[in-house]
Amino acid sequence: MSFHKHFLGSTAKIKLVIYLIGMGFILKQKRGVCLVIFDDKQGPGCLYHEGLDFTFAEKVCVKSHLSTMSLSSASNLKQEEYIESVIPFLDEGYVAYSTYFFVNDHTARGRRRALGIVTLVDRSEQLSLYKSIPEISATIKDIASELIKIGDPKNNVPDAIKDRLNQLIHFTQLSVDFDVSNDSISLIKERMKEEKITLKESSTEFDTSTVTEGSFEFLLNRVPKGLDRVIFALLKNERVLVFGEKEEIAISLATLRWFLPHKKLYNDLWTVPLMDAEALFSRSSDSTTLHVLGIESDSFYEILQLDNNIPESSSSEFIDNEKYYNKKLPIDSKVIINLDGGRVIGGISNRFCNKLLETINVENFAKAPDIISEHIDYLIGRVNDLTSLFLNDPSKEELEQFISNSIEGEISLIMTIINETNTGLLEKIINVFSNYQLPLEVLF
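What you see is a predicted model; the values in this text were computed from it and never measured.

1. Structural notes on the packing of aromatic side chains
Then comes step 1: Using the criterion set out here, one finds 7 aromatic pairs in the structure.
Then comes step 2: Where F56 meets F89, the ring centres are 6.0 Å apart and the plane angle is 80 degrees; that geometry is what we call edge-to-face. Highlighted residues: F56 in helix α2 (residues 54-71) and F89 in strand β3 (residues 83-89), separated in sequence by 33 residues. Summarising the burial analysis for this pair, F56 and F89 share the class buried.
Then comes step 3: Each ring, one from Y82 and one from F101, has its centre 6.3 Å from the other, and the planes form 50 degrees; the classification is tilted. Placement of the pair is Y82 in the loop between α3 (74-79) and β3 and F101 in strand β4 (residues 94-104), with a sequence separation of 19 residues.
Then comes step 4: Through a chain of ring-to-ring contacts, three or more aromatic side chains come together here, namely F56, F89 and Y94.
Then comes step 5: The ring of F89 carries the charged tip of K63 above its face, separated from the ring centre by 4.7 Å.

This is how it looks when you write it as structure tokens:
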């Protein structure tokens, strides 16, 4: 299946939406929320729903419960306090984020009763859903903690709980405070506290909007080779390190964030003033992921403790020695962008990422953010397709067909997304591939 064929339907939908808006029609968002309860005799049922009609809400309750059981490994079900997964409702055009947990109930089997909270959005909003998963997850766990305190609410869901559930429909407006501690970040902070760094002025002047909004043209001109390795590292949640002049770092980070449209990114990480470093990171209630760290050249060389006898003109080339930076660099990183020398150091080439770069190159650079978002949306669509296969027991032929229909290099990226949203499913996929003697290397 070609990438362009996949997006033909999406393009038609966008044109229809624009037409309807132009004609003055009011378009209602397809979003909803359900509170699910599992009864040992009657099975899953709906305690509360908003934004969905009753018939579909009941279907959501049944499918979300069965899907959670199906997509999770046995060890996952027994050990996890919260069981979270993304469930596609492809026939109805929805994608759902589902969380199951347990409340004490002496009348239930095992003296625990399963409850679930399911947030649904139209499939066209799946990028926004993925971007907001950390906030959705934290909010759901907060609601769940209240339900755990009161136990099985039976058919009397408190109004305060209903109000919190309704907030999930407006998930893009959720605001949650997360812990942003990170070992390698702390390392840089401590160093900065003790030292005063003298900044050199950038020799190039940039428009303010370019610095804040990014420029793919600048990045490609400065680093003409190896960007596919950078994109692959970003999509695999591996850290990218950038060093160069101050404004060039700012433009590079503003551009690199385009490649993560399914994540909510921040760059206000530093709690102490840092004049020679910038960062892009995402966060959740459990962890902080540092995606890109940019450090000005002078400070970068200082961190590596380069011999002062190395001429400044050749120090950049010296950094390109991968054995050296792997040994000396105190910041874990798979890929380094050397803006001084215009080179990418380290990383793995990936055909999907290469195709993405080729598509941007033949288009107007101004279209780059939209092109990137379309490619990531495609990947998430493929995640939905594979997840749907595993809602039942997929045959070897079905999985072979899925591999055959895939763009070279995409399955590894699909697995990364699945690992973030449903670790139990990843474990199940590996086991099934192994049992069918399918090549495991395509997954990584």
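2. Let's talk about the pairing of β3
Then comes step 1: Of all 7 residues in β3, 7 are buried, a share of seventy percent or more.
Then comes step 2: Going residue by residue along β3, you find I83, S85, I87 and F89 tucked away on one face and E84, V86 and P88 tucked away on the opposite face as well.
Then comes step 3: By the bridge criterion, 7 bridges tie β3 to β4 in an arrangement that is antiparallel. Opposite I87, over in β4, you have A96 as the bridge partner.
Then comes step 4: The antiparallel hairpin formed by β3 and β4 contains 4 residues in its connecting segment, where G93 sits at a positive phi of about 80 degrees.

3. Things to note about the sheet that holds strand β1 (residues 31-39)
Within a sheet, neighbouring strands are paired by backbone hydrogen bonds and run either parallel or antiparallel to one another.
Then comes step 1: Ordered in space as β2-β1-β5-β4-β3, the 5 strands form an open sheet in which the pairing is antiparallel. One side of each edge strand has no neighbouring strand; the edge strands of this open sheet are β2 (43-50) and β3. Neighbouring strand axes in the sheet, compared pairwise and without regard to direction, differ in orientation by 25 degrees on average.
Then comes step 2: Across 7 bridges, β1 lies against strand β5 (residues 112-122) in antiparallel orientation. By the bridge assignment for β5, G32 is matched with L120.
Then comes step 3: Sheet contacts for helix α6 (residues 159-167): β1, β2 and β5; angle to β2, the most-contacted strand, approximately 80 degrees.

4. Observations regarding the pattern of salt bridges
Then comes step 1: For the structure on display, the rule yields 18 salt bridges.
Then comes step 2: With its nearest N and O atoms 3.4 Å apart, the salt bridge here joins K30 to D122. Note that K30 is positioned in the loop between α1 (3-22) and β1 and D122 in strand β5, a separation of 92 residues in sequence.
Then comes step 3: The exposure class assigned to K30 is partly exposed, which follows from its relative accessible area of 32%.
Then comes step 4: The class for D122 is buried, based on a relative accessible area of 16%.
Then comes step 5: Bridged by salt links that share partners, the residues D105, R113, D152 and K154 form one connected network.

Definitions and cut-offs
- Throughout, residues of each chain are indexed from 1 in the direction in which the sequence is written.
- Per-residue local features are limited, in this predicted model, to residues with pLDDT of at least 70; the limit for side-chain atom pairs, both in listing and counting, is 80 or more; totals at the level of whole chains, interfaces and linings are taken over all residues.
- Just so you know, side-chain values use all the structure's heavy atoms and leave hydrogens and water out.
- Any two rings among Phe, Tyr and Trp, with Trp reduced to its six-membered ring, count as a pair given centres within 6.5 Å; such a pair is stacked if its planes are under 30 degrees apart, edge-to-face if over 60, and tilted if neither.
- Strands here are runs of E lasting at least two residues and helices are runs of H or I lasting at least four, both read from the DSSP assignment and numbered beginning at the N terminus.
- Only protein chains enter the accessibility calculation, which uses a 1.4 Å probe; a residue whose area is less than 20% of its type maximum is buried, one above 50% is exposed, and one in between is partly exposed.
- Only when the NZ atom of a Lys or the CZ atom of an Arg is both within 6 Å of the ring centre and within 35 degrees of the ring normal do we say a charge sits over the ring.
- In this scheme, strands are said to pair when DSSP sees at least two bridges between them.
- In this description, a line fitted to the C-alpha atoms serves as the axis of each element, helices being fitted only across the stretch in contact, and the angle between N-to-C directions of two axes falls anywhere from 0 to 180 degrees.
- Every residue pair with non-hydrogen atoms within 4.5 Å of one another is taken to be in contact.
- Note on definitions: salt bridges are taken to be side-chain nitrogens of Lys or Arg within 4 Å of carboxyl oxygens of Asp or Glu.

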